[in-house]
Amino acid sequence: MKKKLILALSLLLAFSMALAGCSDSSSGGKTEGGSKGKEDKLEIFSWWTGAGEEDGLKALLKLFKEKNPDIPVQNAAVAGGAGTNAKAVLASRMQGDDPPATFQVHGGAELNSGWVAAGKMEPLNDLYENEGWKDKFPQSLIDMVSKDGSIYSVPVNIHRGNVLWYNKKVFADNGITPPKTFDEFFAAADKLKKAGVTPLALGDKEPWTATMLFEDILLGTIGVENYTKLWTGEVPLDDPGVVEAAETFKKMLSYINDDHSSRNWQDAAQMVGKGEAAMNVMGDWAKGYFVNDLKLKTNEDFGYITTPGTENSFMVITDTFGLPKGVKNPDDVKKFLSVLGSVEGQDAFNPLKGSIPARTDADQSKYDEYGKQTIADFGKAELAASLAHGSAAPEGFVTKVNQAINIFVTQKEVKQFVDSLKAASGDLKK
Ligand code: GAL
């Protein structure tokens, strides 16, 4: 009898442990504080895990916890740069009517042609009214998170995508100054190659990094206006400017590391940080990685300059969070968005993340030299929306471009590449 009871109890224990294990892995993260039941946990979904990505998020969650000790938070981050894996997990959850309480989504097409058009998001105009946010965020950003007069998410940051990072010692040792034009870039790259240094680090294990490099080359070749018109169909994708950018891209690819396809963005940035390569083109989350993970000093160990030909342009990537329809705890989500959209929230997050605050009234003294300059640049530069990060065009099109780029990186066939871009343009309207 006693034996039977023990067996029954251990079966029950095993069953409940298995259940707990299942729910943990499905939410993919750790619970941070609070005292409510599991169903009340505020699931914050992003792709900010480890290596330069999660420091800002952790600071924001900490601040939220201080202000709302009764609301337990689940950090449901899914690893993979630029949401490589998180976006797929999110899509299946949204399709299954199991949205996280709130999730990372880029302003622009990813939000508006994606989740808003699919009827999956609640408007947040009342939150913006109550918080007095309408004149605290730049209109250009509010436009990126609005559709048909309704506002659907709150930007936590602004990342700049057109940045060339370089190792200061490698540049100094080889007598190189930061290149402003493509000609200067190739002159520097030749010099470095001759000296036995890898000129440009790329880590396109996840193809979006090569797409970023290409979009920055495009921007530097045809300028913001024509770059933007590519995604509205006003400039065709086989425009001579696109062909020229593809030729430049091909040339740049002859200066990259051989093992590029087995590295991710952090691995590529690390080559520059450690002096194994001279330059890397990456968004300014790379600065968060250099400073927080590699413990390097801005403007001492590494330097930065806008990618060739883009001095007066700003490739915008804004991470935003909204309120999905059908969540159990909409009021708690709004409390989280209030903290994320506050000056305090933005200034806790952005100095660590490498980005600048989305609000115009943040405390600039909290940002380093790079941050201060980027804040000033954002105010005066011409803005372009990133294609690689889903802001410029719908997901179906971006997926096809990523595929075309992935093929181009190995085959380097300009005509075939431009033809496949052109062939994908039908997906621009979807
Ligand atoms: C972007 C995102 C950034 C950063 C980057 C690398 O899409 O906006 O915040 O996380 O991916 O993962």
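Residues numbered from 1 in each chain as written. Predicted model: local features only at pLDDT ≥ 70, side-chain atom pairs only at ≥ 80, totals over all residues. Heavy atoms only, no water.

- Taking an unreviewed UniProt entry as the reference, the protein chain is identified by name as Probable sugar-binding periplasmic protein belonging to Peribacillus deserti.
- In its Function (unreviewed entry) section, UniProt records this for the protein chain: "Part of a binding-protein-dependent transport system for a sugar."
- As stated in UniProt under Sequence similarities (unreviewed entry), the record for the protein chain gives "Belongs to the bacterial solute-binding protein 1 family." (UniProt positions renumbered as here; feature names shortened; annotations may be inferred.)

1. Some details on the packing of helix α2 (residues 54-67) against helix α13 (residues 330-340)
Thinking step 1. Orientation of α2 relative to α13, taken along the N-to-C sense of each, is 120°, at an axis distance of 10 Å. Considering the angle they form, α2 stands oblique to α13. The two elements α2 and α13 meet at a crossing, and its hand is right-handed. Taken together, the residues of α13 that come into contact with α2 (itself represented by Leu60, Leu61, Leu63, Phe64 and Lys67) are Asp332, Lys335, Phe336, Val339 and Leu340.
Thinking step 2. Tallied by class, the residues present in the contact of α2 with α13 amount to seven nonpolar, no polar and three charged. (Axes fitted to C-alpha atoms, helices over the stretch in contact; angles between N-to-C directions. Helix = DSSP H or I, 4+ residues; strand = E, 2+ residues; numbered from the N terminus. Parallel < 35°, antiparallel > 145°, perpendicular 65-115°, else oblique. Left-handed = near helix turned anticlockwise from the far one by under 90°. Contact = heavy atoms within 4.5 Å. Nonpolar A, V, L, I, M, F, W, Y, C, P; charged D, E, K, R; others polar.)

2. Section: α2
Thinking step 1. Taking 1.5 Å per residue, 14 residues should reach 20 Å; α2 reaches 20 Å between its end C-alpha atoms and fits that length.
Thinking step 2. Among the residues making up α2, those that are buried are Glu54, Gly56, Leu57, Leu60, Leu61, Leu63 and Phe64. (Expected span 1.5 Å × (residues − 1). Buried < 20%, exposed > 50% of the residue type's maximum accessible area, 1.4 Å probe, protein only.)

3. Re the side chain of Ser338
Thinking step 1. Turning to its location among the elements, Ser338 is positioned in helix α13.
Thinking step 2. At a separation of 2.8 Å, a polar atom in the side chain of Ser338 contacts the side chain of Glu131.
Thinking step 3. Setting aside anything within four residues of it in sequence, one finds Ser338 in contact with Leu127, Glu131 and Trp133. (Polar contact = N/O pair within 3.5 Å; in protein donor to acceptor, adjacent residues only side chain to side chain.)

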